[in-house]
Amino acid sequence: MSNKGNTFKNSGNGSNIKRASRTTGNESYSRKKRFNSFESISFSEGQRKALKIFGIFLLFVSFIMAVSFVSYLFTWQQDQSYITETNGGWSTLFRSADEIADEAVELPVVENKLGKLGALLANQFIYEWFGVASFLFTFILFIVGYKFLYRKSLLPVWKTIIYSSTAIIYLSVTLAFFQDFLTDSPHILEGKFGYWTNQLLKVQIGSTGIAALLAFAYLAVLILIYNLDLKWTWSSKKTEEDIEDEDEEDNFETFANKLNPPSNTSRNILHEETLAEEEGENTVQEDHLSYTPPTTLPAENANKKFNEHEITFTVDPPEPIEDSARNEPKPTTDGPALSVEKVVEEKAITANGLVAEFGEYDPKLDLSGYQYPALDLLKEYGSGKITINQQELEANKNRIVETLRNYSIEIEHIKATIGPTVTLYEIIPKPGVRISRIKNLEDDIALSLAALGIRIIAPMPGKGTIGIEVPNSSPEMVSMRSVLATEKFQKTDMDLPIALGKTISNEVYIADLAKMPHLLVAGATGQGKSVGINAILTSLLYKKHPAELKFVMVDPKKVELSLFKTIERHFLAKLPNEDEAIITDTKKVINTLNSLCIEMDQRYDLLKNAAVRNLKEYNAKFVNRRLNPEEGHRFLPYIVLVVDEFADLMMTAGKEVETPIARLAQLARAVGIHLVIATQRPSVNIITGTIKANFPARLAFRVLSKVDSRTILDAGGADQLIGRGDMLLATGSDLTRIQCAFVDTPEVEQISEFIGSQRGYPSAFMLPEYVDENGEGSSGIEFDSSERDQLFEEAARLIVMHQQGSTSLIQRKLKLGYNRAGRIIDQLEAAGIVGPFEGSKAREVLYPDEYSLEQYLDTLRNKE
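If you're wondering where the values come from, they're calculated on a predicted model, not measured in any experiment.

Asks: Can you tell me about the overall build of the protein chain, naming the residues and giving the values?
Replies: Tallying secondary structure elements over the protein chain gives 28 helices and 19 strands in all. Evaluated residue by residue, the protein chain yields a buried proportion of 47% over its 864 residues. Sequence-distant contacts, at least 24 apart, represent 71% of the contacts inside the protein chain between residues at least 6 apart. By element, 54% of the accessible surface of the protein chain is carried by carbon and sulfur atoms, the whole surface being about 43,600 Å².

Right under this line is the structure:
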């Protein structure tokens, strides 16, 4: 009896780990996703309704067929008599009984439960085609119809169709073969297809040949579907080559059969195990196999004769084996020693091999049924079309030309570009006219037009003209729905697309937050700043999956961002052991910002170990299974920090807030952490030079003074906006005037409720633990007995036994999710069992052996 439990040795940490156990449930699940139909596709509301109606239709057809088929089994004689007497065509379906009676002398009665339709349908499938195997057609239609109706699979759709279609043909031919030996009854069991196929084969190869052909066909199907293994034993003796072949085959089977089942509760952190890079980082060492003839038999087998052909293999713990020792047989205490040592060269398991077998890693599998919000949740404000008032355009043009002529400024050409709230008049002055003269007439032009918010752009960048922006007398509201419904947004390939609104040329403006990479938002009270924040968040919620994006929300006003609390388990991130994901307390804000800095440092360590430069490259490498989760690698979502009122934080915390904000703004871009900071007071003591220097993208709503405009934009213009969502976006040296898309509070609530009602993760995304200089952290340094995890002591023994303070070790050995394992490691640190976090290194284990640990655990129990 051979023991085929060969193990593999991981050269990275020296621990013996079975390769088979280091694959994950996601990999087995990804096989099912090979033929992914439409579960991950976002359909419009109309398309979803059409699919449901089609699914109901297929279920109805399957029901009709099933009833008619079952009834036909009992009434086939009467049904066939009716079809024969009426010349058996489908043309009789819509003919009345009187019309058929005129042609037939005696009209038989249809006894099928579905009348003429059931009789014709069942006769066509069962008698004319495939016999009773036609029942599988109803099964196929039911499975496909259920898929379309509920968007869930009772069975794999494509496999069901392929296997059922094959079974229909096989059963029809097989039943015809056996029917041929019985009677010449009608083709109820096999149908005409099976009957004539059997007759054709009978002429060609005879009945014996048909039997052999059917046996071969069924055996081939069993091998293809179940990987059936057929072995014949010709001799009781095994050669050395036989033993080698068996070991190679069983090693492969051991590897394949120990794949872990899929996990729906973990955060997909260890869902893949990239066993080795192409460079061969992990080595494979074959177990030492030795043969030892038994010298004594157990008492119950004392009278049994020892079988000389029986070989017992023992698996020794893998140890470094010297080359010289391999050639020396091991001595035994009794009898001759036989050493069987085979070093079987294992094929290296590469990332490309894993991708070919299991497919790429899909971070969305935990929430594979997640549905993106539909546009129907948003309202349509206004017509969405620009209304041209020709009289207003002509009057404004004449006033502009007249005002310039009053100051001896002649122009050659003027044209107007109409936007939703502002019209841009572009003029080309005659040669010799100085641009500064026109720029100085800004107030005079505003006076002549009797309009608020006149802004002169002299010159227009890249156009060679001078622009004069004049507000429309009847501004058009830009709805969020009209912006998100555009093809430009739907088909964008930006990493973090935010739909801000429409420009003065009535074009939808979409920016990539990942390229900005941070956004500073300022504006006076009531000018649309909070609506702008909601527009940014709504754009990201419509475009990103919960696995790809997390928000850290800071709301000192406590009411602005509370609408998003229902999406906590989908999109929000928070500190461990915090009740609320939306942070309102200043002390917790400081801890959260410092925790984000720790997260940033950890991500940089991961990027360094993966030899990549940014988050996009890192995730692409992880998706292709080229990174090992046991080394701490995981799929990294984007993190967007949203601060609604930064001025309040600066007034209460000052440097404690400014320092981590500045550090994140300087470094966090490459690791996918982006900041959106909003404030009502864009003064220099709030937006300091350190912060301002790291926010190249700035969004200014209407402010009250030119000084505030220069503080936020480094240029004037924000004080000349008309409010109600009118804003200027500064990206570098360019200023773009945009009418912000409007999304109302009830719309945001509906979107949040739609997302929150779906299945989410067990908890919010957990940020790293932060402990300040005073020993105070986001959840405190002490854990009482009620807060300790149930697996606290077991995890402590595991850590001490392996002398490796690693979160991934707890995950792997105790089969826990990343969040729970992280909390346990924090509790172990607080209890003094492991040391503090040291970047990519494993934590120091502070107890050398299990005995000293047990004494310490007894002390903790006594205190409780």
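Asks: Before we move on, could you go through the packing of aromatic side chains and cite the residues and values that matter?
Replies: To describe a pair of aromatic rings, one takes the distance between the centres and the angle between the planes. What the rule picks out here adds up to 19 aromatic pairs. Arranged with centres 5.1 Å apart and planes meeting at 85 degrees, the rings of Tyr 361 and Phe 622 form a pair that is edge-to-face. With Tyr 361 in the loop between helix 10 (351-358) and helix 11 (390-406) and Phe 622 in helix 19 (residues 615-623), this residue pair connects regions lying 261 residues apart in the sequence. Plain terms: the ring middles of Tyr 847 and Tyr 856 are 5.2 Å apart, the flat faces sit at 35 degrees to each other, and that makes the pair tilted. A residue is classified by how much of its surface remains accessible, and Tyr 847, at 16% relative accessible area, is buried. What makes Tyr 856 partly exposed here is its relative accessible area of 22%. A connected cluster of aromatic rings, assembled from ring pairs, spans Phe 69, Phe 125, Trp 129, Phe 130, Phe 135, Phe 137 and Phe 193. Above the face of the Phe 489 ring, Lys 543 is positioned so that its terminal group lies 5.3 Å from the ring centre. The side chain of Arg 788 reaches across the aromatic face of Phe 792, ending 5.2 Å from its centre.

Asks: Before we move on, could you go through the sheet that holds strand 7 (residues 455-457) and cite the residues and values that matter?
Replies: Whenever strands of a sheet pair, they do so through backbone hydrogen bonds, lying parallel or antiparallel. Read across the open sheet, the four strands follow the order 5-6-8-7; overall the sheet is antiparallel. Strands at the two margins of the open sheet, each flanked by one partner only, are strand 5 (411-418) and strand 7. With direction set aside, neighbouring strand axes in the sheet form an average angle of 20 degrees. One ladder, built from seven bridges, connects strand 5 with strand 6 (residues 422-429); its direction is antiparallel. In the sheet register, Ile 411 faces strand 6, and the bridge partner there is Pro 429. Running at roughly 40 degrees to strand 6, helix 11 makes contact with strand 5, strand 6 and strand 8 (466-471) of the sheet.

Asks: Tell me about the environment of Ala 741, and please be specific about residues and values.
Replies: For Ala 741, the location among the structural elements is in the loop between strand 18 (734-740) and helix 24 (745-756). Sequence-wise, Ala 741 and Val 531 are 210 residues apart; in three dimensions their C-alpha atoms are separated by 8.1 Å.

Asks: Describe the side chain of Thr 465, and please don't skip the residues or the numbers.
Replies: Of note, Thr 465 is situated in the loop between strand 7 and strand 8. The buried category is assigned to Thr 465, whose relative accessible area is 10%. Engagement of the side chain of Thr 465 in a polar contact is seen with the side chain of Glu 426, the distance being 3.0 Å. Not counting the four nearest positions on each side in its chain, Thr 465 is found in contact with Glu 426, Ile 427, Ile 428, Ile 457, Pro 459 and Met 460.

Asks: Kindly report on the environment of Asp 444, identifying the contributing residues and their values.
Replies: With respect to the secondary-structure elements, Asp 444 resides in helix 13 (residues 442-449). On the basis of relative accessibility, which here comes to 27%, the residue Asp 444 falls in the partly exposed class. Sequence separation between Asp 444 and Ile 454 is 10 residues, and the spatial gap between their C-alpha atoms is 9.9 Å. Setting aside anything within four residues of it in sequence, one finds Asp 444 in contact with Thr 403 and Tyr 407. Reaching out from Asp 444, the side chain makes a polar contact with the side chain of Tyr 407 at a distance of 3.1 Å.

Asks: Which residues make up the packing of helix 25 (residues 792-802) against helix 26 (residues 807-814), and what are the values?
Replies: Any two packed helices are characterised by the angle at which their axes cross and by the distance between the axes. Two elements in contact, helix 25 and helix 26, have axes whose closest approach is 10 Å; the angle formed by their N-to-C orientations is 115 degrees. Put simply, helix 25 runs roughly perpendicular to helix 26. The handedness of the crossing between helix 25 and helix 26 comes out as right-handed. Listed contacts from helix 26 to Glu 794, Ala 795, Leu 798, Ile 799 and His 802 of helix 25 are Leu 809, Ile 810, Lys 813 and Leu 814. Residue classes in the contact of helix 25 with helix 26 are distributed as six nonpolar, one polar and two charged.

Asks: Residues and numbers for the sheet that holds strand 10 (residues 508-512), please.
Replies: Pairing in this open sheet of nine strands is mixed, and the strands run 10-9-18-17-16-11-15-14-12 from one edge to the other. Bordering the open sheet on either side are strand 10 and strand 12 (549-554), each of which pairs with just one other strand. The mean inter-strand angle of the sheet, taken between neighbouring strand axes irrespective of direction, is 30 degrees. Of the pairings in the sheet, the one linking strand 9 (residues 497-503) to strand 18 comprises three bridges and is antiparallel in character. What sits directly across from Lys 502, in strand 18, is Gln 739. Seen against the sheet, helix 21 (residues 655-667) touches strand 14 (638-643) and strand 15 (673-679) and runs at an angle of roughly 130 degrees to strand 15.

Asks: So what's going on with helix 4 (residues 115-130)? Which residues, and what values?
Replies: In a regular helix each residue adds 1.5 Å, so 16 residues correspond to 22 Å; helix 4 covers 21 Å between its end C-alpha atoms and thus fits that length. Its maximal kink placed at Asn 123, helix 4 deviates by approximately 35 degrees. Of all the residues in helix 4, the buried ones are Gly 118, Ala 119, Leu 120, Leu 121, Ala 122, Asn 123, Phe 125, Ile 126, Tyr 127 and Phe 130.

Asks: Residues and numbers for the packing of helix 25 against helix 27 (residues 818-830), please.
Replies: In the contact formed by helix 25 and helix 27, the axes pass within 10 Å of each other and the chain directions differ by 75 degrees. In terms of orientation, helix 25 and helix 27 fall into the roughly perpendicular class. On helix 27, the residues that touch Phe 792, Ala 795, Ala 796 and Ile 799 of helix 25 are Ile 824, Ile 825, Gln 827 and Leu 828. The class makeup of the residues in the contact of helix 25 with helix 27 is seven nonpolar, one polar and no charged.

Analysis parameters
- Residues numbered from 1 in each chain as written.
- Predicted model: local features only at pLDDT ≥ 70, side-chain atom pairs only at ≥ 80, totals over all residues.
- Heavy atoms only, no water.
- Helix = DSSP H or I, 4+ residues; strand = E, 2+ residues; numbered from the N terminus.
- Buried < 20%, exposed > 50% of the residue type's maximum accessible area, 1.4 Å probe, protein only.
- Contact = heavy atoms within 4.5 Å.
- Areas by Shrake-Rupley, 256 points an atom, 1.4 Å probe, with all protein chains shown as cover.
- Phe/Tyr/Trp six-rings, centres within 6.5 Å; stacked < 30°, edge-to-face > 60°.
- Lys NZ or Arg CZ within 6 Å of the ring centre and 35° of its normal.
- Pairing = 2+ DSSP bridges.
- Axes fitted to C-alpha atoms, helices over the stretch in contact; angles between N-to-C directions.
- Polar contact = N/O pair within 3.5 Å; in protein donor to acceptor, adjacent residues only side chain to side chain.
- Parallel < 35°, antiparallel > 145°, perpendicular 65-115°, else oblique.
- Left-handed = near helix turned anticlockwise from the far one by under 90°.
- Nonpolar A, V, L, I, M, F, W, Y, C, P; charged D, E, K, R; others polar.
- Expected span 1.5 Å × (residues − 1).
- Bend = angle between axes of the 7 residues up to and from the residue.

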